Amino acid sequence: DGDAVQYHGIAAVVDKDEASSFLASELNADALLLLTDAKGVIPVEEWNKNRNSQPPSGDSIVRELHVERVNLADYASGSMRPKLSAAVRFVKHGPERPRMNDGAPFAAIGNLEDALDILRGKSGTRIVRE
C-alpha cells in the first residue's frame, strides 16, 4: 500500500525529576516529593569542603530552601541539581491555593523510607516560596 505511514524511532532520555515536576504541576498537586537514597540536600559549604577528600556524610542537611535563593550552579549536575531544578520549577509553577502547607505549594527531597515524615515536614529538605 503506497499510503502506509512509516515511523522511525529516535533515542531519547526523559529526566524523571523534571517529568515528575511537570506532571505534578499539571495535576495541580499540593506537593512534590522527590524521593532518593539521600536524607536531603547537603549544605553547599559542606559539599564543597569535602568534595575532594570524601563525599559528605549526609548527617547535616538543609531543612528548608527558598526558591529565590537556590543557585543551581552550586550543585553538581550528577548529584542534587536535577532534583533541585525540578523542585524549584514545581514550587514556582505549582497551584496558587493548595490545600496543604498554609496555602503554598512545596517540594521536598529526601529518603524513600522517610516519605511520610518528609510530607509532614519532619524529615528531608523542603523547597518553598519566600
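Since the structure is predicted, the reported quantities are computational estimates derived from the model, not experimental observations.

Looking at the sheet that holds strand 4 (residues 125–128)
One open sheet accounts for four strands, arranged 1-3-4-2; its pairing is mixed. One side of each edge strand has no neighbouring strand; the edge strands of this open sheet are strand 1 (31–36) and strand 2 (64–66). On average, adjacent strands in this sheet sit at an angle of 20° to one another, irrespective of strand direction. Sheet topology places strand 1 next to strand 3 (residues 106–111); six bridges connect them, and they run parallel. Bridge pairing in strand 3 places Leu 34 opposite Ile 109. Lying over the sheet, helix 3 (residues 81–93) contacts strand 1, strand 2, strand 3 and strand 4, oriented at roughly 170° with respect to strand 1.

Here's the deal with the pattern of salt bridges
This model, assessed by the stated rule, comprises three salt bridges. Its salt-bridge partner being Asp 17, residue Lys 83 comes within 3.1 Å of it at the nearest N-O pair. Here Lys 83 is found in helix 3, whereas its partner Asp 17 is found in helix 1 (residues 16–26), with 66 residues between them in sequence. For the pair formed by Lys 83 and Asp 17, the shared burial category is buried.

Quick look at the pairing of strand 3
Among the six residues that make up strand 3, six are buried, leaving the element largely enclosed by the rest of the structure. Across three bridges, strand 3 lies against strand 4 in antiparallel orientation. Note that in strand 4 the partner of Ala 108 across the bridge is Arg 126.

A short note on the packing of helix 1 against helix 3
One way to put it is that helix 1 packs onto helix 3 with a least axis distance of 8 Å and a crossing angle of 10°. Here helix 1 lies roughly parallel to helix 3, going by the angle between them. For the crossing formed where helix 1 meets helix 3, the hand is right-handed. Judged by residue contacts, Lys 16, Asp 17, Glu 18, Ser 21, Ala 24 and Ser 25 of helix 1 engage Pro 82, Lys 83, Ser 85, Ala 86, Arg 89, Phe 90 and His 93 from helix 3. By residue class, the composition of the contact of helix 1 with helix 3 is four nonpolar, four polar and five charged.

Conventions adopted
- Residues numbered from 1 in each chain as written.
- Predicted model: local features only at pLDDT ≥ 70, side-chain atom pairs only at ≥ 80, totals over all residues.
- Heavy atoms only, no water.
- Pairing = 2+ DSSP bridges.
- Helix = DSSP H or I, 4+ residues; strand = E, 2+ residues; numbered from the N terminus.
- Axes fitted to C-alpha atoms, helices over the stretch in contact; angles between N-to-C directions.
- Contact = heavy atoms within 4.5 Å.
- Salt bridge = Lys/Arg side-chain N within 4 Å of Asp/Glu carboxyl O.
- Buried < 20%, exposed > 50% of the residue type's maximum accessible area, 1.4 Å probe, protein only.
- Parallel < 35°, antiparallel > 145°, perpendicular 65-115°, else oblique.
- Left-handed = near helix turned anticlockwise from the far one by under 90°.
- Nonpolar A, V, L, I, M, F, W, Y, C, P; charged D, E, K, R; others polar.

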